[in-house]
Amino acid sequence: MTETLAITGADGLARCPWGLTPEVYRTYHDEEWGRPVRGDDALFERISLEAFQSGLSWLTILRRRPGFRAAFAGFEIAAVARFTEADAARLLADPGIIRNRLKIEATLRNAAVIAGWAEGELTELIWSFAPDPAGRPAPRSTAEVPATTAESVALAKELKRRGIRFVGPTTAYALMQACGLVNDHLGDCHARGG
């Protein structure tokens, strides 16, 4: 991996290089990525979007996020768990989302599985894999940001064991980054926080 340091934008703020442009990336980087996300529906959305991103650009997902939210009932687990074959067919025809049959079926199946869990169980499960932040120094460059960790491998394994599909170790780590279980903003990035 090529080493890339934080880059200062036209606004004078240093950011992780991927969070500089376009505007949708900058907003996501500054306001959402790496911030703690709790709540089963919110985490279900992130799991689903990370699965849809697999093999694609995250920019594609961010640009279609409003379409995904509309198509998947705001990612309300109980609502998506009630989707029928007709809903699956509707989703496969929806140009506002990624029309991948396997990813759509996995999202519907995942909702059905999680709907059978106790409220808060998904949140508790995911956050139980958060590593001790004291053992994770701030990365100085993108070369120091891993694609997977022992925790993401364990999280993916546990989610799969419980019936969740389309979540391997790399996807699980991306989820951990996006939802604030780890803080992989570069050390010089203004969004890193304290």
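Summary of the structure given here.

Parameters and conventions
Residues numbered from 1 in each chain as written. Predicted model: local features only at pLDDT ≥ 70, side-chain atom pairs only at ≥ 80, totals over all residues. Heavy atoms only, no water. Axes fitted to C-alpha atoms, helices over the stretch in contact; angles between N-to-C directions. Helix = DSSP H or I, 4+ residues; strand = E, 2+ residues; numbered from the N terminus. Parallel < 35°, antiparallel > 145°, perpendicular 65-115°, else oblique. Left-handed = near helix turned anticlockwise from the far one by under 90°. Contact = heavy atoms within 4.5 Å. Nonpolar A, V, L, I, M, F, W, Y, C, P; charged D, E, K, R; others polar. Buried < 20%, exposed > 50% of the residue type's maximum accessible area, 1.4 Å probe, protein only. Polar contact = N/O pair within 3.5 Å; in protein donor to acceptor, adjacent residues only side chain to side chain. Salt bridge = Lys/Arg side-chain N within 4 Å of Asp/Glu carboxyl O. 1 Å grid on protein atoms, 1.4 Å probe; cavity = no way out; pocket = protein on both sides within 12 Å on 5 of 7 lines; lining within 4 Å. Points joined across faces, edges and corners; volume = space filled by probe spheres on them.

Put simply, helix α2 (residues 40-53) and helix α9 (residues 169-178) touch, their axes get as near as 10 Å, and they point 130° apart. With respect to α9, the axis of α2 lies oblique. Of the two elements, α2 crosses α9, and the hand of that crossing is right-handed. Contacts between α2 and α9 pair Arg46, Ile47, Glu50 and Ala51 from the former with Thr171, Ala174, Leu175 and Ala178 from the latter. Along the lines of polarity and charge, the residues of the contact of α2 with α9 split into five nonpolar, one polar and two charged.

Here the focus is helix α1 (residues 23-31). Within the span of α1, buried status applies to Tyr25, Tyr28, His29 and Asp30. Along its buried surface, α1 packs onto β2 (14-15), α3 (58-71) and α9.

For the rest of this paragraph, the subject is the environment of Thr107. Its place among the elements puts Thr107 in helix α6 (residues 101-115). Residue classification places Thr107 among the buried residues on the basis of a relative accessible area of 2%. Distance in space between the C-alpha atoms of Thr107 and Ser48 is 6.0 Å, their sequence separation being 59 residues. Contacts of Thr107, omitting those with residues within four sequence positions, involve Phe44, Ser48, Phe52, Phe72 and Val80. A polar contact is formed between the side chain of Thr107 and the backbone oxygen of Lys103, at a distance of 2.9 Å.

Moving on, we get to the pattern of salt bridges. Under the criterion given, the structure shown has 14 salt bridges. For Arg15, the salt bridge identified is with Asp11, shortest N-O distance 2.7 Å.

This part covers the layout of surface pockets. Leftover empty space is mapped by rolling, across the atoms, a probe with the size of a water molecule. In this structure, the largest pocket encloses a volume near 620 Å³. Surrounding the largest pocket, 23 residues form its lining, Trp18, Trp33, Val145, Ala174 and Gln177 being those nearest its centre. Counting only elements with at least two residues in the lining of the largest pocket, the list comes to α1, α2 and α9. Among the elements that take part in the lining of the largest pocket, α9 stands out by supplying six residues, more than any other. Each residue belonging to the lining of the largest pocket can be placed in one class, and the counts come to 15 nonpolar, six polar and two charged.

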